[in-house]
Amino acid sequence: DAICPVFNASQRSEPRRMGGGKDWARSEGEHSREILPGWVREIMGPVFLMVSTPMFIMVVVHTCHKFEGSLLDCLAYMFKNPDWMLPFSKKSMWLSPLDSEAWKILGSFMIFELILMRIVPGKEFRATVTSTGHIPIYKANGVQCLFISIITFIALGYYDIIDPGLVYDKFGEILAALNLFALIFCSFLCFKGHYFPSTADSGTTGNTVLDFYWGTELYPRVLGWDLKQFTNCRFGMMYWAIGPIAYAWKQYSVTGEVSDSMLVSVILQLVYVTKFFWWETGYFCSMDIQHDRAGYYICWGCLCWVPAVYTSQSFYLVDHPIKLGRPLALAILFIGVLMIWINYDSDRQRQAFRKNTKEKIWGSTPDKIDAQYTTTDGSVRHSALLASGWWGLARHFHYLPEVCAAFCWSVPALFHNFLPYFYVIFLTILLIDRANRDDARCACKYTKYWDMYCKKVPFKIVPFVY
């Protein structure tokens, strides 16, 4: 799975670190600078993204509210009227970040999720050891928190305690407030990583822009709350479940029914998010958590980009209901669920292999590479690289069904406008970039053993193609 939401335009220079071992991320940064000069990757790229991405999330809202869902019309208007992009012009695209209703919605949602993280019971989960020898510990209660959140939201709406459709009506103000909060939050994270890091997996690149964008700390915690678990899982991913429900509620309140296109899109997204939380402990061992530091790239992205872009298909469908008909709707639903299951099964397969490298996969003893690596404290550790099952088809095969699933919850909008497909295109580029970054990181970590693995599994994502 990949929820890392903003393009990784930069790779960190080697940070201040403990011990004498090798930093697994270093070769990734060197590989990146072979493609683009360091000043582009580490200064211009991050600055461009930090200026353009807040603007684009507002474009998503205005596209649906003012331009009949046409992203191209919205962009054309923006470039013909450049003052529209300025925050203090009379006809600015920027909505107020100080809207009281938006802050009530955000504040109650955040506090509710933080409370659930703390009080809902769950098993202790120990993630993979870091390059400094640190072992992150989490409470695995994601599924319980998801169901509690959904049931609570629907119940509050059913009994008229809240109006779920207000999320749609106030979405522009919510994103503006989120953007302000996220920028302040990322500034706090940058300061904390410099002066009060929670673990040794922290440090500075010596580049202020890159420190803010990429982050200075890998596992920041405050008062026992893991901040990346909150931003990535309990806010970003949790909104991905709540948001589409709110949009379907809004459509019902306006039209008196929920269209089959909206229903298929929302169901598939809920299945996907449920799968994510069922597999949340696996996510704690993914690149988002183990490699991507807590900065603008990951935290602003999960707080702002995920709510705006990842739910844009169902947001679009509120005012553009499509009648698919039962056969087409069921076909899309079936294919989408199948893709989500394949994505889940590939992650499950790898996780089961980590627990027992001798457990049969597809009826056979798994093919593997026995590898070893060195942490920054000089300790030599051993690992096994799976080359069977889904992981014998391609080194990052699970990205393929993920893109296919995203297409399935986008295609109910059919092909009248481009906006519903922006997320699919973005996800495809993101995952290709991630596969390349992960290969570079693993090549540094496992050295000759990774070369052996690549010979055994030569394809990155698409078997026999790429």
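Model, not experiment: these values are computed from the prediction.

## Digging into the state of the cysteines
By definition, a disulfide links the sulfur atoms of two cysteines through a covalent bond.
Phase 1: Scanning the entire structure with this criterion turns up zero disulfides.
Phase 2: Cys 145 takes part in no disulfide bond, and the closest cysteine sulfur to it belongs to Cys 233, at a distance of 10 Å.
Phase 3: Left without a disulfide partner, Cys 404 is nearest to the cysteine sulfur of Cys 408, which lies 7.0 Å away.
Phase 4: With a relative accessible area of 29%, Cys 404 lands in the partly exposed category.

## Digging into the pattern of salt bridges
Phase 1: A full pass over the atoms with the stated rule returns 17 salt bridges.
Phase 2: Between Asp 169 and Lys 250 there is a salt bridge, with its nearest N and O atoms 3.0 Å apart. Residue Asp 169 is located in helix H6 (residues 166–169), and its partner Lys 250 is located in helix H9 (residues 227–255); the two are separated by 81 residues in the primary sequence.
Phase 3: When its relative accessible area of 36% is taken as the criterion, Asp 169 is described as partly exposed.
Phase 4: One salt bridge connects Asp 347 with Arg 350, and the closest N-O pair in it is separated by 3.4 Å.

## Section: the side chain of Asp 211
Phase 1: Locating Asp 211 in the fold gives a position in helix H8 (residues 208–214).
Phase 2: Although Asp 211 is buried, it forms no salt bridge, and the closest oppositely charged side chain is Arg 293 at an N-O distance of 6.1 Å.
Phase 3: Only 2.9 Å separates the side chain of Asp 211 from the side chain of Thr 205, close enough to count as a polar contact.
Phase 4: In this structure Asp 211 touches Cys 190, His 194, Thr 204, Thr 205, Gly 206 and Thr 216, once residues within four positions along its chain are discounted.

## Re the packing of aromatic side chains
Phase 1: Per the counting criterion, the structure on display carries 46 aromatic pairs.
Phase 2: For the ring pair Tyr 158 and Tyr 159, a centre distance of 5.1 Å and an interplane angle of 90° mean the geometry is edge-to-face. Across the pair, Tyr 159 and Tyr 158 agree in class, each one exposed.
Phase 3: On the basis of an interplanar angle of 80° and a centroid distance of 6.0 Å, the ring pair of Trp 240 and Tyr 423 is categorised as edge-to-face. Here the residue Trp 240 occupies a position in helix H9, and Tyr 423 occupies one in helix H18 (residues 422–446), the gap between them amounting to 183 residues. Here Trp 240 and Tyr 423 have matching classes, each one buried.
Phase 4: Aromatic rings pair up to connect Phe 56, Trp 240, Tyr 272, Trp 305, Tyr 310, Trp 409, Phe 422, Tyr 423 and Phe 426 into one cluster.
Phase 5: Cation over ring: Arg 118 sits above Trp 225, and NZ or CZ is 3.8 Å from the ring centre.
Phase 6: Above the ring of Tyr 138, the side-chain terminus of Arg 221 is found at 5.5 Å from the ring centroid.

## With respect to the pairing of strand E6 (residues 380–386)
Along any regular strand the residues' side chains alternate between the sheet's two faces.
Phase 1: As defined by bridge partners, strand E5 (residues 368–374) adjoins E6 across seven bridges and the pair is classed as antiparallel. For Asp 370, the partnering residue across the bridge sits in E6 and is Ala 384.
Phase 2: The hairpin formed by E5 and E6 contains five residues between the paired strands, and Gly 378 there has a positive phi angle of roughly 90°.

## Re unusual backbone geometry
Phase 1: The backbone of Glu 68 shows a phi angle near 55°, a positive value even though the residue is not glycine.
Phase 2: Considering the arrangement of structural elements, one finds Glu 68 in the loop between helix H2 (38–66) and helix H3 (71–80).
Phase 3: According to the relative accessible area criterion, Glu 68 is exposed, its value standing at 60%.

Criteria and thresholds
Residues numbered from 1 in each chain as written. Predicted model: local features only at pLDDT ≥ 70, side-chain atom pairs only at ≥ 80, totals over all residues. Heavy atoms only, no water. Disulfide = S-S within 2.5 Å. Buried < 20%, exposed > 50% of the residue type's maximum accessible area, 1.4 Å probe, protein only. Salt bridge = Lys/Arg side-chain N within 4 Å of Asp/Glu carboxyl O. Helix = DSSP H or I, 4+ residues; strand = E, 2+ residues; numbered from the N terminus. Lys, Arg positive; Asp, Glu negative; His and termini not counted. Polar contact = N/O pair within 3.5 Å; in protein donor to acceptor, adjacent residues only side chain to side chain. Contact = heavy atoms within 4.5 Å. Phe/Tyr/Trp six-rings, centres within 6.5 Å; stacked < 30°, edge-to-face > 60°. Lys NZ or Arg CZ within 6 Å of the ring centre and 35° of its normal. Pairing = 2+ DSSP bridges.

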